[in-house]
Protein chains: 2
Amino acid sequence: MSKILLTIAYDGTNYNGYQLQNDKPTIALMLNQAAREAFGVECKVTGCSRTDSGVHALGFCATVEPKNENDKITVPVSKIPIAMNIKLPDDISVLEAKEMDDSFHPRYDVISKEYIYKIHDSQVPNPFYRNYVLEYGRKITDDGIEKMNEACKHFLGTHRFDSFMSVGSKIEDTERTVYSAYVKRNGDIVEFSVCADGFLYNMVRIMVGTLLKVEMGKIKPTEISKIILAKDRNLAGFTAKPYGLYLKNVQYDT
Amino acid sequence: MSKILLTIAYDGTNYNGYQLQNDKPTIALMLNQAAREAFGVECKVTGCSRTDSGVHALGFCATVEPKNENDKITVPVSKIPIAMNIKLPDDISVLEAKEMDDSFHPRYDVISKEYIYKIHDSQVPNPFYRNYVLEYGRKITDDGIEKMNEACKHFLGTHRFDSFMSVGSKIEDTERTVYSAYVKRNGDIVEFSVCADGFLYNMVRIMVGTLLKVEMGKIKPTEISKIILAKDRNLAGFTAKPYGLYLKNVQYDT
């Protein structure tokens with residue numbers, strides 16, 4: 001047993017994002033430490049993507065394997081969630097573990113990823129939402145949701161999403177395929193859901209900022225296609241706060 | 001306009017409970033400071049009860065009034081929630097404000113209070129529940145919920161609840177009337193709900209610890225009546241952690 005795929009949920013509030021940054025508290029650092037303690041060998045942890053400071057995950061995926069090829073993970077795979085959760089802080093939880101082929105890569109083998117973004121549309125803020133939901137401060141009408149859903153249709157398909165990428169990102173291939181994108185109400189939360197083969201830096205958060213400008217009537221739903229074609233970050237909306245964002249699910253062909 | 005009844009929600013995680021304790025961070029301290037800043041006069045804030053460190057509220061009630069009888073609160077009552085929320089930290093939120101007669105008292109005029117207690121019954125902890133729900137670590141069956149509900153029936157009515165009060169509490173009149181008490185499942189959360197004319201110190205948390213001993217089969221549902229009659233704290237269950245507890249609602253005859 002050499003390569004294990006972990007499905008992980010975490011509350012990103014107290015972390016500097018996923019990716020290792022020396023000794024700063026990051027999800028990757030916590031997973032590395034917990035794996036070493038749980039398995040008794042130095043481990044290499046590889047994530048499916050990077051998430052920013054304050055962003056959460058309901059189903060992040062990462063592989064863990066011994067650093068030294070002579071080492072082995074001897075904990076039975078069914079016991080790995082419990083073994084790791086004992087060692088992890090209580091804002092990170094391993095939900096599932098699964099044995100994978102050596103050839104599997106948690107980033108290159110992704111078929112699709114789904115993110116959700118939560119918006120609270122009440123004038124009165126909810127203290128339990130403060131690190132978990134964007135406080136929009138005003139009511140979103142059914143008509144507003146309809147307009148956002150019209151706008152969402154223009155995200156679908158294969159496009160170069162330069163307009164929805166933070167300036168300064170060095171990625172050259174900006175083409176991504178969006179499989180689904182929609183907005184729905186769930187009680188006092190308006191939730192944006194988007195599934196794609198991959199995402200550019202801050203892409204979901206800029207989509208949300210743009211949809212909220214559609215809701216406000218500052219951008220027409222039909223303008224989304226023009227904004228995409230223009231490849232100009234300035235035409236899209238603001239980058240919505242990180243803490244409303246959740247990596248919900250990662251799909252692999254396994 | 002001299003006496004305002006506020007309905008307040010708060011996340012108790014970062015506070016030393018409700019009650020003022022010099023300069024320690026408490027809900028009462030935050031409300032006092034916010035009222036002074038929002039209304040421009042020194043104010044007296046009186047809560048409906050005390051909640052412990054880590055306990056939350058969905059509908060706590062407190063009155064606010066000028067300390068000096070020559071002062072007045074001049075902010076229109078409909079604007080008070082917004083005026084106070086601007087000054088409050090984002091883990092405390094005023095939901096409603098209502099003008100009351102001078103004779104109204106938020107503690108003495110209570111008809112009933114309702115608390116809920118949330119329990120997560122999965123082997124895998126949920127990182128988003130860590131400060132908000134008790135992690136029970138094992139599945140509660142339908143049969144377990146039925147047994148807890150049988151036990152709940154014995155709480156109903158007027159009893160001296162000494163067995164369900166933390167030792168060291170100096171209250172002399174331990175008689176309380178429980179109007180409703182039940183357990184129900186809500187997704188992956190098992191929720192205990194109890195409504196009474198008042199509660200002794202730690203009463204709800206000891207009820208929960210006792211119900212969990214019923215679920216484990218260590219106490220029979222019918223034994224609850226004997227435990228109440230014995231007036232002996234040692235016979236009831238443990239005091240469940242504070243962070244699963246929420247003051248949900250306070251009822252007044254107004």
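Shown above is the structure to which this text applies.
Residues numbered from 1 in each chain as written. Chains lettered and ligands numbered in written order. Predicted model: local features only at pLDDT ≥ 70, side-chain atom pairs only at ≥ 80, totals over all residues. Heavy atoms only, no water.

1. Some remarks on the interface of chain A and chain B
Thought 1: Opposite the 23 residues of chain A that make contact, chain B presents 23 residues.
Thought 2: Summed over both sides, the interface between chain A and chain B buries roughly 1700 Å², with carbon and sulfur atoms accounting for 66% of that surface.
Thought 3: The largest per-residue losses of area from chain A upon contact with chain B belong to Pro 127, Phe 128 and Arg 130 of chain A, which jointly make up 40% of the total buried on that side.
Thought 4: Along the contact surface separating chain A from chain B lie six salt bridges.
Thought 5: Counting the contacts that link chain A with chain B gives four residue pairs in polar contact (both at pLDDT 80 or more).
Thought 6: Counting residues per element, the ones that place at least two in the side of chain A that touches chain B are strand S1 (4-10), strand S3 (56-66), helix H2 (80-87) and strand S4 (92-99) of chain A.
Thought 7: Ranked by residues supplied to the side of chain A that touches chain B, first place goes to S4 of chain A with four residues. (Contact = heavy atoms within 4.5 Å. Buried area = accessible area lost by both parts, 1.4 Å probe. Salt bridge = Lys/Arg side-chain N within 4 Å of Asp/Glu carboxyl O. Polar contact = N/O pair within 3.5 Å; in protein donor to acceptor, adjacent residues only side chain to side chain. Helix = DSSP H or I, 4+ residues; strand = E, 2+ residues; numbered from the N terminus.)

2. A few points about helix H4 (residues 203-215) of chain B
Thought 1: Taking 1.5 Å per residue as the helical rise, H4 of chain B with its 13 residues ought to reach 18 Å, and the 18 Å between its terminal C-alpha atoms agrees with that figure.
Thought 2: Turning to H4 of chain B, its buried residues are Met 203, Val 204, Arg 205, Ile 206, Met 207, Val 208, Gly 209, Thr 210, Leu 211, Leu 212, Val 214 and Glu 215 of chain B. (Expected span 1.5 Å × (residues − 1). Buried < 20%, exposed > 50% of the residue type's maximum accessible area, 1.4 Å probe, protein only.)

3. Let's talk about helix H1 (residues 27-39) of chain A
Residues and elements named next belong to chain A.
Thought 1: The end-to-end C-alpha distance of H1 is 18 Å, a good match for the 18 Å that 13 residues give at a rise of 1.5 Å each.
Thought 2: The buried fraction of H1 amounts to ten of the 13 residues, a majority that puts the element mostly inside the structure.
Thought 3: Those residues of H1 that sit buried are Ile 27, Ala 28, Leu 29, Met 30, Leu 31, Asn 32, Ala 34, Ala 35, Ala 38 and Phe 39.
Thought 4: Gly 40 lies just past H1 and shows a positive phi near 75°.

4. Quick look at the side chain of Asn 85 of chain B
Thought 1: Within the fold, Asn 85 of chain B resides in helix H2 (residues 80-87).
Thought 2: The exposure class assigned to Asn 85 of chain B is buried, which follows from its relative accessible area of 15%.
Thought 3: Excluding residues that lie within four positions of it along the chain, Asn 85 of chain B makes contacts with Val 124 and Pro 125 of chain A together with Ile 92, Ser 93 and Val 94 of chain B.

5. A few points about the pattern of salt bridges
Thought 1: Throughout the structure, instances matching the rule amount to 18 salt bridges over all chains.
Thought 2: Asp 121 of chain A is the salt-bridge partner of Arg 185 of chain A, the closest N and O atoms lying 2.7 Å from each other. Separated by 64 residues along the polypeptide, Arg 185 of chain A in strand S8 (residues 175-186) and Asp 121 of chain A in the loop between strand S5 (110-120) and strand S6 (134-135) bring together distant segments of the chain.
Thought 3: Taking relative accessible area as the criterion, Arg 185 of chain A reaches 30% and is therefore assigned partly exposed.
Thought 4: The class for Asp 121 of chain A is buried, based on a relative accessible area of 1%.
Thought 5: The salt bridge involving Asp 162 of chain A is made with Arg 160 of chain A; its shortest N-O contact spans 3.7 Å.
Thought 6: Overall, the relative accessible area of 17% leaves Asp 162 of chain A in the buried class.
Thought 7: Salt bridges sharing common partners tie together Asp 11, Asp 90 and Asp 91 of chain A together with Arg 130 of chain B.

6. Here we look at the pairing of strand S3 (residues 56-66) of chain B
Residues and elements named next belong to chain B.
Thought 1: S3 sits mainly inside the fold: ten of its eleven residues count as buried.
Thought 2: Bridge count between strand S1 (residues 4-10) and S3: six bridges; the pairing is antiparallel. Opposite Ile 8, over in S3, you have Phe 60 as the bridge partner.
Thought 3: Across five bridges, strand S2 (residues 43-47) lies against S3 in antiparallel orientation. Pairing of Gly 47 across the sheet is with Ala 62, part of S3.
Thought 4: Both S3 and strand S10 (residues 245-252) contribute to a ladder of two bridges, which runs parallel. (Pairing = 2+ DSSP bridges.)

7. Some words on the nonpolar core
Residues and elements named next belong to chain A.
Thought 1: One finds Phe 39, Met 84, Phe 155, Phe 164 and Phe 192 to be the most contacted residues of the largest nonpolar core, which totals 79 residues.
Thought 2: The greatest single-element share of this core, amounting to nine residues, is contributed by H1.
Thought 3: Both domains that meet at this core, namely domain 1 (3-100) and domain 2 (111-252), each give it at least three residues.
Thought 4: For Phe 164, the contacting residues outside a window of four places in its chain are Phe 155, Leu 200, Tyr 201, Asn 202, Met 203, Ile 206, Met 207, Thr 210, Ile 227, Ile 228 and Ala 236. (Core = buried A, V, L, I, M, F, W, Y, C linked by side-chain atoms within 4.5 Å. Domains from an automatic or database assignment.)

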